[in-house]
Each structure stands twice: as C-alpha cells, then as structure tokens.
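Coordinate inspection notes
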Amino acid sequence: MSLARCTMQAEQTQAQDQATSPTTVPSLAFPVLSAVIAIGIFILDTMTPAEVAIAVLYVGVVLLTAKVLQARGVALAAVGCMTLTILSYVLAQHDASPSIALLNRLLSLAAIGVTAFLAVQSRSREMVLREQAGLLDLTHDTIFVRDMNDVIIYWNRGAEELYGWSTGEAVGQVSHHLMQTIFPMPLGEITAELLRTGRWEGELVHTRKDGTQAIVASRWSIQRDARGRPVAILETNNDITERKRAEEELRRSEAYLAEAEALSKSGIWAWNPITKRIAYWSQERSRLFGFDPEAGIPSFEALLQRIHPEDRGKWLENSERAVRIRGDSETDFRIVLPDGEIKHLHGVGHPVFSESGNLVEIIGAAMDITERKRAEEALRESEEQWKAVFENNPTMYFIVDAAGTILSVNPLGAEQLGYTPAELVGSPVLNVFYEPDREAVQRHVARCFDQLNWAMSWEARKMRKDGTVLWVRETARAVLLKNCPVILVACEDITERKHAEEAARRSEQELRDLIEHLPAMVYIALPGPSGPVVAFASRGWRDYSGLSQEDTAGSGWQSVVHPADLDRNLEKWRVRAAAGEPYENESRYRRAADGACRWFLDRAVPLRDEHGTILKWYGVLTDIEDRKRAEDALRRSEHYLAEAQRLSHTGSCVYNPATEQVIYWSEEMFRIHGLDPQRDPAPDLNELTRFWHPDDCGRVLERVRTAFREKAEYAVEHRIVLPDGTIKRLHAIGHPVFDDTGAVIEYIGTVMDMTEHRRAEEALHKAQAELAHVTRVTTMSALTASIAHEVNQPLGAIVTNASAALRWLAHEPPNLGEACEILERIARDGHRASEVIGRVRSLLQKKAAVAEQVNLDDLIQNVAALAHGEVVQHRILLRTELAPNLLPVMGDQVQLQQVLLNLVLNGIEAMMDVAERPRELVIRSRREKAGVLVAVQDAGVGLDPQNAERMFEAFYTTKPAGMGMGLAICRSIIEAHGGRLWASANEPQGAVFHFSLPVDRAGRL
C-alpha cells in the first residue's frame, strides 16, 4: 500500500476511533448489546424449526463486536457464537429433516468463522495503518496529503513544527492558499507534469503562520485508485532555508575571493608535496600562468614548464625546504607564458597538517609583481592597489601593534562591528571582544608575537557597538612593519555556523532524550569475535531487563535472552556481521518485573568508516508479543475455516472484477473442481467456464458479469463437469468489496457442492410421490362403495332405458321417436359412468408429476363429483362458493386433486358424529394479491388449539385407524407447488383448512 493511502486510511481510522470513544459511547455498551443479541438469537434458534438457518444472524454479533474489540476479543466472540450454534442444534428438535438442520448449522458456523476472520484481519490492518501513520510523525520532514482540489487531508507533526499550524487548523484548508506558496513555474505546468509522470520535485517558498518565509525542497507523488484515477497528492518538504542562505553566503564569499584574486592579480593553489598532485587551482591562477581555466587543473610538470628555467631550481629548492622544515615558504620567481611574455611572481606557501601532525598539503598563492619589478611607479601603484584591496575586501582585516592597539581596520571590518574606521583606530583591540573571551585572545596574540610569520587561527566572540555578539574565526600572523612587530588579522563571520552547531547540539540532545523515552529499546553495539559487544542501552532496555548500563555492557545482555534462542541469535549475528548486512531476528527476552519472556524483533544496521569497515551497530528491539499471538490465532482461524469448508463442502474464492483474474482460491475450491492445489493453478473466470456444463455456461457467465457491471451480489446454481466426466451441482454466491471511493476492488465468493443434497432431494421427492400414490389408492379404496353407487346409477338407468327402447321398437309399427329419445338417455348415462371411471383412473395413475395449467374451479367440481357418494351417504350438505374468472395455477392436476379430496374426506369424517346441527361442508375459492386461495370448511368437532400445527406432522393422527400421513403429504405437495397449507377454527363450530397457490407466471397478475 502506498504511503498516501496509508495516511488517508489512518486518518479515517482515527476519526472512527474518536467517533466511538468513551466520550460518546460507553465502553461496555457494544459488548453488552452484542451479548443480549446473541442470547436472543440463541433462544430464537432453539425454538425455531431446525430447517431455518437462524444461526446465520450470529454474523451480526461478530460484526458488532469487531467495532470495539481487538482481534482477540472478536475471536472469542466468534467462538462463543459458534458454541451457541452447536448448543442450539443439540437442544432443538429436528426429526423432520436432520440432514438439512445439520447443513444449516454447518453453513452458519462457516459464515461465523469467515466473518470473524475478515473482522480480525480488518482490525489488524487498522492497527498496522495506525502504527504506519504514527511513524510519519517521527520524521523531521514535513509531510502532508491533499486531495485533487489541493485540500489538506493529512498534516504530520513535522509540518506543525515548521509552519506553525496545528493539524486541526491545517486539515480542510487549501494548501497553496494557506501557505501562500511561491512556485518556480506556473502551477498548471507542475500539475500537468505530476499527472503525466506521477512525481514532481522542486523548490518552493512557503509562508509560515508567523509570516516568515521558508524555502523547502518539495517532492510530490500522486496516489491513484484501482482504476488509475488520481485521488490524492503526497507532498514531502525539507526545510532548506538555512542551507540556501549558507549557499548564498558561500557564493558571495567565492565571488569575493575570485574578485579579490583578480584585483590582487594573485592565484591560489594547493598541492600534495608527497605525490606532487595539485589538489586546487583557482581560475585566476590559471589566467596568471597562461592556462585555460576551462581545461581544469594542470599537472605539476606543466607548472614547472611555465617557470623560467633560471628560476626553476630556486623554486623547487624553496618548495623542498618548506616541506623539510614543515613551515611557511616565500619566494620570487619568473614565469614564461606561451606567447613569450615574462611575468614576475611572488609565491607564498603555508603547510596544512592532519590531526596526527602529518603534512597533508601546502596551500600557496602567487602574486603578479611584474610591475613592481619594472618600475617604482608601478610599485607605488601596486601599493595603492593593495590598499584599495585591503579597504574594500569583504573580509574584516585588522592591524594591531604589540601593545594591543588597533593601527588599521578596513571599512567592512568596522562596519561589521557597527563602527567607523576612525572610531576603532587607536583604541585597544580587546574592547571589541566579548569580555569572557578576552583572556583567551590575549594568549593567542602573545603566541603570534612569539612566532613571527606563523599563521594562527582561533574562534572568539566580538561585541558590536549595539551590544550584540558576533562570532568570528580569526586568522592572524605577526610580521615586522617598519621594523615594528604587528599582527595582521583576517576575521571571518561564523555566527551562522555557530548557530547551526548549537542547533545541532540541541538536536543531538533532543534525539538522545527521545531515544531514552522511546517505548522501543535502543542499543549501540561494537563488533565482537563471538557476538555484539553492547556499548549503550536505552532506558527502555534497563527498565525491562532490570540490568544497569554496566551490567548490560559487553555480553552481559545475554543473560536476559531465552536459552533456546541465544545460540541461534549469536549465529545469525555472526553471519550478518561477516557479510556486512543489516541484522534482523526474532528472540525472546526475560522481563525483570515478572520473569515472563516476551517476543522481540531485533533489528540493527552497521555504521561504516570511509573504507567500509564496520565501526558500530545501531539497533532497536520492538515488542512483538501481541503480533506473535495474533499470528498464532490467525493460523488457527485459517485452519478452522479450511476444516469448516471441507466438512461443509464449501469453497471460497476472490476475483478481480476488472480483470476477471483470480486473487484467491481455497483448497476446498480445488477439491470441488477436481484439481490439485499443489500442481494446478487457480483458474481465472474465462478458464473456469471450461468446467461449467454447456447447458449452464452462458446463463452463469451472463449472471456473474451482470453482477460485476452492476456492483451487486449474485447467487446462481449450476452444474460443472469434471475432467473424468463426473457432473456436480454447485450453488455459487458472490459479494462485492468496495474501497473508500465506492469502487469495487474484488468479489468474494463461496461455492457449495450441492450434488449430494440434490440427490437426497430427488430421492425424497420420489419417496413422497410413491407415498402420495399409496395415499391416493387408500383414499380410493375408502370411496369404493360411493364410487360403486355412482357407477350403478347410470348403469341401472341404461338397463331400464334399453328395455323400454326394445318395447318401443317391438310395436307395430315401431315407435322410432320414443326409441331415439330413450337411446339418447342411454348414451348420456354411459358418458356419466365413463366420467366416474375416468376420475378414479386419473387418481390411481402412477406417473411423474407434470407441471401444467390447472383451473382450480374445475378441479373443485371434479372433487365434488368424486365425493358425491360419501356426501349423500353421510347426509352432508356440500356447497361451493367459487370465484368467477379465476386465474389458472401451475402444477400437477392429480396431486392437487389428491390434496383437495383428502381435505373434503377429512371434513366429512369430522362431521359423522354431529347430530345437533346441520352437517354442512363448504368449498370456497377466491383471488388474492399473491395468488389463489382455496378453503374447505366443515361444521365438525373442530381443532385442538394445542395440536393444530402437529396435525401436519408425519405419523401424527387423531383417528383410531389413521396413519397420520394424509395432511403431511398434502402440505409437502402444496409447498412443492410454491404454496402454503394451514388450518384454523371455524366459528362457532368446526374447522377450516386453507391452501394458497401462486398463479401461473404466464397469467395476468
């Protein structure tokens, strides 16, 4: 994750933490609420039929606890919810469909586990983001993040310290307006380059809160979302105000020096007397010796060739003497330019020594004295020139006599101190020095007079006329002027440098104080033959280990390391030290307070000298005990999730909707698709389609891609064909995951293997069909007498009418009119008998259910006709109240006829013993908003309120000779048709059985 995104997410996390802080929500409110909800779900789950997956609601409890608890608390909440789910499964009754109940519980456990895992992972990421954002406050650079409208959304501590605005004042402001930014080029050009390359670097001028300006080295980086759209700009600024000032001062100083060389016709150089290599050669010296300044530094041999042959030996002898006596040198010599011109030069040299006293180089200067040599007039002109140089040189120059009186001062020197030259000349030089430094200055001056022509340098403070203090570096040399000893002093203003040094010392002290108060343990170690030799340990280490600085020093720290980790620790250190690479290791260290050993991450980096040799190691110990425990918990959670998926035959996967590339496939996904997770790669969406059944492929792919486009969830059931030809039925569910901008970054999906479930359903449906057929046969056997009566009536009429027809035909002449009329009655009675037989045959047929349009009004009439014999036999008043123009339903006519006939016969049986009131049976049909409702109302003994729902359970009956299967089969048939069957009391007596069915989708709703 990029830095900009980390900072933005950290700010959002901080805002969320503040929103749920104890000032607004009691700390125990969410845990107590979660516990109450969990108990409620447990009670509801225990009392609800096991086929309903109520336990899935525990997912809400886990998500609620994830808002306030850490990873461990969320994991405990998830385990508690799983325990309640299992306990509810044990307590609940699920005799009807134990396999479905078990499957629901397994699905609920898997959902709880997956939710807990994602919640713990989310909390872990929040903690990492918070720590990463905290690290940004440790840097001295200013870091802030602004959106594409330049509105500040993150402001670190370095920005607060540099600009003066707090985070609360800066966040929400337009950055360039707040800091009045001055750009090196038009802002539009900068923005165009940033959008094109993703980065921009340059120098900006910002105005602080107090009105002062700061020059910063600014680096901009753009943050893009998953679609490549720019969302934020990370700006890192380094304050270079002092550096720019120092560079400007250096440029001015170099310009003054170059100008001084040009004015004095002198050139400066530095050379190594051992290697004869010239280290520095000013441009003025190149022009003085006739070299091209652009050609670089000439060689020592080229320099000798420029010296006049007659003076070359003298020049070399003077140089060798200077090296030999390790002192200053001075000589006059001539040079011959390429055009033959001869110049007279005066050369001086000054040795430079190392801290160990070795001669490092000689710094020299050559001055053109040609004119002085040619004529006295030229000498006087030269003296005037040098006087001008002295008076106008940007460096402070003083001439002081042996009594400490100022003999001369250049105008700049006087101006720097706030005086005029006339005010200083003749006054004691000590008067311009800060009083605490005067004694040291006197000692330095005395040494100068003791060593004529020897240059000395020191640092001291001078007092300006206005009382302010000025730091200077003075370079002095005692010389004889008209046979009187005087000191020539050149003063360099080092006030800014001193301020910088003082700031560095304060920064160093602040850093040391910071290290001492860091929660992490910091140490410094020296290289040792068998391991690190500790030279320093911070207060954090001393408080944790109980060891003093002296007890920790050397190898004393090893007494705190866990014995099982010490050898591995030392061996890894030796390997890293030999390779010169940074050291990193995880070890346990004993805590002095309670003797407990906690895990720490030990990191150290080497500090090298200019030759690459390791001088020391800087290291830090970070407590990772909580991280180690979280990692162990995460591994266990992942194992539990994998085991739950294996038991429930449910796989999980993650896909990128933009590229349709796979991000994650669980092992159970590989097993479901017949793949080896160790050998076969996880397929992307296009590759996955080769497993889908040809008849399902287009439908499933269109459903998934539509969900991708609409950023919606999807659920689809389909078949797959494995490489060995095996066909499996799967149920796939996909859920989108959004980023902060609302864009879908991935889809998380689950795939459940429904093959065995579907086989069980098919077997169940087959068994139900067999049982329904047996029930129909049983019902028809109960109607045998009625059916026989219904058939005998038309058959008897046919015989009587046939005899009458024969008699009419036997007349002379035959009465054909009467005979034809009788034959028509015979044909009508024959059709009537045939309809009765047809109805019986349709109920007794054993065939697979056929979905077709069924007119319930016609179905009611047919059932009334079948039950007519029973109605007459038991003196029942059968009445129908049918709704006109009732829309057809979609279903199997035989099964629906069986349901209605069963309800009618039950109503007849319920009224057999009723004598004090009319035995009335009413069949009603009416249109409802969602479909069609049919009700069978009787005036019988009524329902027992306590057992009203149990009547629909298998093998429950109130009849002495009943099987208890009729109503159970009726309910299963109605539910298979997408409807509902229930019973209610009839006022004042009897019962009403209702069933509703949805109308045919092709019909008009």
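Cut-off values and rules
Residues numbered from 1 in each chain as written. Predicted model: local features only at pLDDT ≥ 70, side-chain atom pairs only at ≥ 80, totals over all residues. Heavy atoms only, no water. UniProt positions renumbered as here; feature names shortened; annotations may be inferred. Helix = DSSP H or I, 4+ residues; strand = E, 2+ residues; numbered from the N terminus. Buried < 20%, exposed > 50% of the residue type's maximum accessible area, 1.4 Å probe, protein only. Contact = heavy atoms within 4.5 Å. Areas by Shrake-Rupley, 256 points an atom, 1.4 Å probe, with all protein chains shown as cover. Salt bridge = Lys/Arg side-chain N within 4 Å of Asp/Glu carboxyl O. pLDDT = per-residue confidence, 0-100. Pairing = 2+ DSSP bridges. Axes fitted to C-alpha atoms, helices over the stretch in contact; angles between N-to-C directions. Core = buried A, V, L, I, M, F, W, Y, C linked by side-chain atoms within 4.5 Å. Parallel < 35°, antiparallel > 145°, perpendicular 65-115°, else oblique. Left-handed = near helix turned anticlockwise from the far one by under 90°. Nonpolar A, V, L, I, M, F, W, Y, C, P; charged D, E, K, R; others polar. Patch = residues over 30% accessible without salt bridge, like charges linked within 9 Å, V, L, I, M, F, W, Y side chains within 5 Å. Phe/Tyr/Trp six-rings, centres within 6.5 Å; stacked < 30°, edge-to-face > 60°. Expected span 1.5 Å × (residues − 1). Arc of directions from axis to C-beta.

- Going by an unreviewed UniProt entry, the protein carries the name histidine kinase and comes from Microvirga tunisiensis.
- UniProt annotates the protein under Subcellular location (unreviewed entry) with the comment "Cell inner membrane".

**Regarding the overall build of the protein**
- For the protein, the helix and strand inventory stands at 33 helices and 32 strands.
- Within the protein, the fraction of its 1005 residues that count as buried is 40%.
- For the protein, the proportion of contacts with a sequence separation of at least 24, taken over those separated by at least 6, is 50%.
- Split by element, the accessible area of the protein, about 54,700 Å² in all, is 55% carbon and sulfur.

**Here we look at the pattern of salt bridges**
- Under the counting rule described, the total for this entry stands at 56 salt bridges.
- Residue Arg461 pairs with Asp437 through a salt bridge whose shortest N-O separation is 2.9 Å. Taken together, the residues Arg461 in strand S13 (residues 455-463) and Asp437 in the loop between helix H17 (421-424) and helix H18 (438-450) connect sequence positions 24 residues apart.
- Residue classification places Asp437 among the buried residues on the basis of a relative accessible area of 12%.
- Here Asp594 ties to Arg591 by a salt bridge, and the two come within 2.7 Å at their closest N and O atoms.
- Connected through salt bridges with shared partners, the residues Glu459, Arg473, Arg497, Lys498 and Glu501 form a single ionic network.

**A short note on unusual backbone geometry**
- Residue Pro988 is bonded to the preceding Glu987 through a cis peptide linkage, with omega at 5°.
- Within the secondary structure, Pro988 is located in the loop between strand S31 (980-985) and strand S32 (991-997).
- At Arg326, a residue that is not glycine, the phi angle is positive and equals roughly 55°.
- For Arg326, the position within the fold is in the loop between helix H13 (309-325) and strand S8 (329-336).
- One non-glycine residue with positive phi stands out, namely Arg875, at about 55°.
- Residue classification places Arg875 among the exposed residues on the basis of a relative accessible area of 63%.

**So, the UniProt feature "transmembrane region" (unreviewed entry) in the protein**
- This chain's UniProt record puts "transmembrane region" (unreviewed entry) on residues 25-44, 50-66 and 73-92.
- Between the first and last C-alpha atoms of residues 73-92 the distance is 28 Å; the span itself is 95% helix and 0% strand.

**Structural notes on the confidence of the model for the protein**
- On average, residues of the protein carry a pLDDT of 80, and 82% of them reach 70 or more.
- Low pLDDT, under 50, characterises residues 1-26; the predicted model gives this stretch 32 contacts beyond four residues in sequence or across chains.

**Notes on the sheet that holds strand S23 (residues 714-721)**
- Read across the open sheet, the five strands follow the order S22-S21-S25-S24-S23; overall the sheet is antiparallel. Each having just a single partner strand, strand S22 (662-665) and S23 make up the two edges of the open sheet. Going across the sheet, the axis of each strand differs from the next one's by a mean of 25°, ignoring polarity.
- Along the sheet, helix H26 (residues 694-710) contacts S23 and strand S25 (744-753); its crossing angle with S23, the most-contacted strand, is approximately 150°.

**Structural notes on the nonpolar core**
- Core analysis: the largest hydrophobic core is formed by 42 residues, its most contacted members being Leu856, Leu903, Val904, Phe993 and Phe995.
- Residue contributions to this core peak at eight residues, all from helix H32 (residues 893-910).
- Judged by nonpolar contacts, the second largest core, of 26 residues, contains Leu688, Trp692, Ile720 and Leu722.

**Observations concerning the side chain of Thr207**
- Looking at the element boundaries, Thr207 is found in strand S3 (residues 199-207).
- Here Thr207 falls in the buried class, since its relative accessible area comes to 9%.
- Those residues in contact with Thr207, other than ones at most four positions away along the chain, are Trp165, Met179, Gln180, Thr212 and Gln213.

**Some points on the UniProt feature "coiled-coil region" (unreviewed entry) in the protein**
- In the UniProt entry, the feature "coiled-coil region" (unreviewed entry) is given for residues 231-263.
- End C-alpha to end C-alpha, residues 231-263 measures 59 Å, and it is 70% helix and 27% strand.

**A closer look at the pairing of strand S4 (residues 213-224)**
- Sheet topology note: the S3/S4 ladder contains nine bridges and is antiparallel. Residue pairing for S4: Thr207 is matched across the bridge by Gln213.
- In sequence, S3 turns back onto S4 through a hairpin of five residues, with Gly211 there showing a positive phi of about 95°.
- One ladder, built from nine bridges, connects S4 with strand S5 (residues 230-239); its direction is antiparallel. Bridge pairing in S5 links Arg224 to Pro230.

**Observations regarding the pairing of S8**
- Of the two faces of S8, only the one carrying Ser329, Thr331, Phe333 and Ile335 is buried; Glu330, Asp332, Arg334 and Val336 on the other face are not.
- Of the pairings in the sheet, the one linking S8 to strand S9 (residues 342-353) comprises eight bridges and is antiparallel in character. Paired with Ser329 across the strands is Gly349, a residue of S9.
- As consecutive antiparallel partners, S8 and S9 are separated by five residues, and within that stretch Gly340 has a phi angle of approximately 95°, a positive value.

**Regarding the packing of helix H3 (residues 58-66) against helix H4 (residues 71-91)**
- Viewed as axis vectors pointing N to C, H3 and H4 meet at an angle of 165°, and their least axial separation amounts to 9 Å. The orientation of H3 relative to H4 falls into the category roughly antiparallel. Viewed along their axes, H3 and H4 form a crossing whose handedness is right-handed. Along the contact surface, H3 presents Tyr58, Val61, Val62, Thr65 and Ala66, while H4 presents Val74, Ala77, Ala78, Cys81, Leu84 and Thr85.
- Of the residues that constitute the contact of H3 with H4, the class distribution is nine nonpolar, two polar and no charged.

**Brief notes about the sheet that holds strand S10 (residues 359-368)**
- Taken together, five strands build an open sheet; the order of strands is S7-S6-S10-S9-S8 and the sheet is antiparallel. Strands at the two margins of the open sheet, each flanked by one partner only, are strand S7 (277-281) and S8. On average, each strand axis in the sheet is inclined to that of its neighbour by 30°, with strand direction left out of account.
- Looking at chain direction, S9 and S10 are connected through nine bridges and run antiparallel.

**So, the side chain of Ser266**
- With respect to the element layout, Ser266 can be found in strand S6 (residues 266-272).
- Ignoring any residue separated from it by four or fewer positions in sequence, one finds Ser266 in contact with Glu261, Glu284, Ala366 and Met367.

**Section: a nonpolar patch on the surface**
- There is a patch of nonpolar side chains on the surface, built from Ile86, Leu87, Val90 and Leu91 and spanning about 370 Å² of accessible area.
- Tracing the sequence through the fold places Val90 in helix H4.
- The exposure class of Val90 is exposed, given its relative accessible area of 58%.

**Details of H3**
- Among the nine residues that make up H3, seven are buried, leaving the element largely enclosed by the rest of the structure.
- Those residues of H3 that fall on the buried side of the exposure criterion are Tyr58, Val59, Val61, Val62, Leu64, Thr65 and Ala66.

**Here's the deal with the packing of aromatic side chains**
- Under the defined criterion, the tally for this structure stands at 20 aromatic pairs.
- Centre to centre, the rings of Phe300 and Trp315 are 6.1 Å apart; their planes meet at 45°, and the pair counts as tilted. Within this pair, whereas Phe300 is found in helix H12 (residues 300-306), its partner Trp315 is found in helix H13, the two being separated by 15 residues in sequence.
- With 5.8 Å between their ring centres and 85° between their planes, Tyr589 and Phe600 make a pair best called edge-to-face. Taken together, the residues span a long stretch of sequence, with Tyr589 in strand S18 (residues 583-590) and Phe600 in strand S19 (residues 597-608) at a distance of eleven residues. For the pair Tyr589 and Phe600, a shared accessibility class is recorded, and that class is buried.

**Quick look at the environment of Ile100**
- Mapped onto the elements of the fold, Ile100 is located in helix H5 (residues 98-136).
- Judged by relative accessible area, which is 32%, Ile100 ranks as partly exposed.

**Details of H4**
- Helix length check: H4 (21 residues) gives 30 Å between terminal C-alpha atoms against 30 Å at 1.5 Å per residue, within 8%.
- Along H4, the positions that sit buried rather than exposed are Ala71, Val74, Ala77, Ala78, Cys81, Thr85 and Ser88. Down the axis of H4, the smallest arc covering the buried residues is 125°, so these residues share one side. Pointing more than 90 degrees away from the buried face of H4 are the exposed residues Arg72, Leu76 and Val90.

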